[in-house]
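What the coordinates show
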Amino acid sequence: VGVFGAVEARGKRADEAVRASEEKLKLILSHLPDAIYVLGFDGSALYVNRATVNATGYSNEELMRMPFLDLVHPEDRTALLGLRSDRLAGRPTATNYSFRVVDRSGTVHWVENRVIVLPWEGQQATLNYLRDVTAKKQAEEDREKLITDIQTALEAVSRSQKEWQNTCQLLA
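Model, not experiment: these values are computed from the prediction. (Residues numbered from 1 in each chain as written. Predicted model: local features only at pLDDT ≥ 70, side-chain atom pairs only at ≥ 80, totals over all residues. Heavy atoms only, no water.)

A word on the sheet that holds strand β2 (residues 45–48). Taken together, five strands build an open sheet; the order of strands is β2-β1-β5-β4-β3 and the sheet is antiparallel. Of all the strands in the sheet, the pair left with one neighbour each is β2 and β3 (96–102). Sheet twist, expressed as the mean angle between neighbouring strand axes with direction ignored, is 30°. The pairing of strand β1 (residues 35–40) with strand β5 (residues 123–132) spans six bridges and is antiparallel. Residue pairing across strands places Gly40 opposite Ala125, the latter belonging to β5. Against the sheet, helix α4 (residues 77–88) touches β3, β4 (108–120) and β5, its axis set at about 135° to β3. Here helix α5 (residues 134–171) sits on the sheet in contact with β3, β4 and β5, set at roughly 130° to β4. (Pairing = 2+ DSSP bridges. Helix = DSSP H or I, 4+ residues; strand = E, 2+ residues; numbered from the N terminus. Axes fitted to C-alpha atoms, helices over the stretch in contact; angles between N-to-C directions. Contact = heavy atoms within 4.5 Å.)

Structure representation (structure tokens):
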């Protein structure tokens, strides 16, 4: 009885230590500035932090009930389902990628997602770090438009210069 009791006590202490570690991790995650979303391999939410609630406009309870894909822009869902399928099959897949989410008010945000697979409360899950990169994407689009506008203007100046030269030659 003494040996079994000691083994049982050691097992209980180990379980308590695991639970305490999980609680510390959740406490840390809850205070990070980036949205953190833990998803089970079935797509259900296992954990969302405060930043996720603030970014989406949905309550913690709502996010825990809704499939994550409901937040994803319809045009990006197929790509994300493909990544999830590859991950579930154990195939190498991207761990850092961008997609769009739609918040409660209907506003579209670009997010960069970093994802890792890890055990969570006895099951395999993905830990997703989502950072809003909407401003960065807009700046990139603005930059590309500016480059295109400059190229168009330079081509117009070049055409005008050639036309002027042709006109001058005709008058000479």
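There's more to say after this.
On to the pattern of salt bridges, then. Summed over the entire model, instances satisfying the criterion amount to eight salt bridges. The salt bridge involving Glu75 is made with Arg100; its shortest N-O contact spans 3.3 Å. With Glu75 in the loop between α3 (60–65) and α4 and Arg100 in strand β3, this pair connects stretches of sequence that are 25 residues apart. Close ionic contact of Asp149 with Lys145 constitutes a salt bridge, the shortest N to O distance being 2.9 Å. Separated by four residues within a single helix, Asp149 and Lys145 lie in helix α5, roughly one turn from each other. (Salt bridge = Lys/Arg side-chain N within 4 Å of Asp/Glu carboxyl O.)

Turning to a nonpolar patch on the surface, a few remarks are in order. Together, Ile28, Leu32, Ile116 and Tyr129 give the surface a local cluster of nonpolar side chains, amounting to about 330 Å² of exposed area. Mapped onto the elements of the fold, Ile116 is located in strand β4. Look at Ile116 and you get partly exposed, because its relative accessible area is 42%. (Patch = residues over 30% accessible without salt bridge, like charges linked within 9 Å, V, L, I, M, F, W, Y side chains within 5 Å. Areas by Shrake-Rupley, 256 points an atom, 1.4 Å probe, with all protein chains shown as cover. Buried < 20%, exposed > 50% of the residue type's maximum accessible area, 1.4 Å probe, protein only.)

Where β3 meets β4, seven bridges bridge the pair, whose relative direction is antiparallel. Bridge pairing in β4 places Asn96 opposite Arg114. Where β3 folds back onto β4 in an antiparallel hairpin, the turn is made up of five residues, including Gly106, whose phi is positive at roughly 95°. Alignment of β4 against β5, held across ten bridges, turns out to be antiparallel. Considered in β5, the bridge of Arg114 is made with Tyr129.

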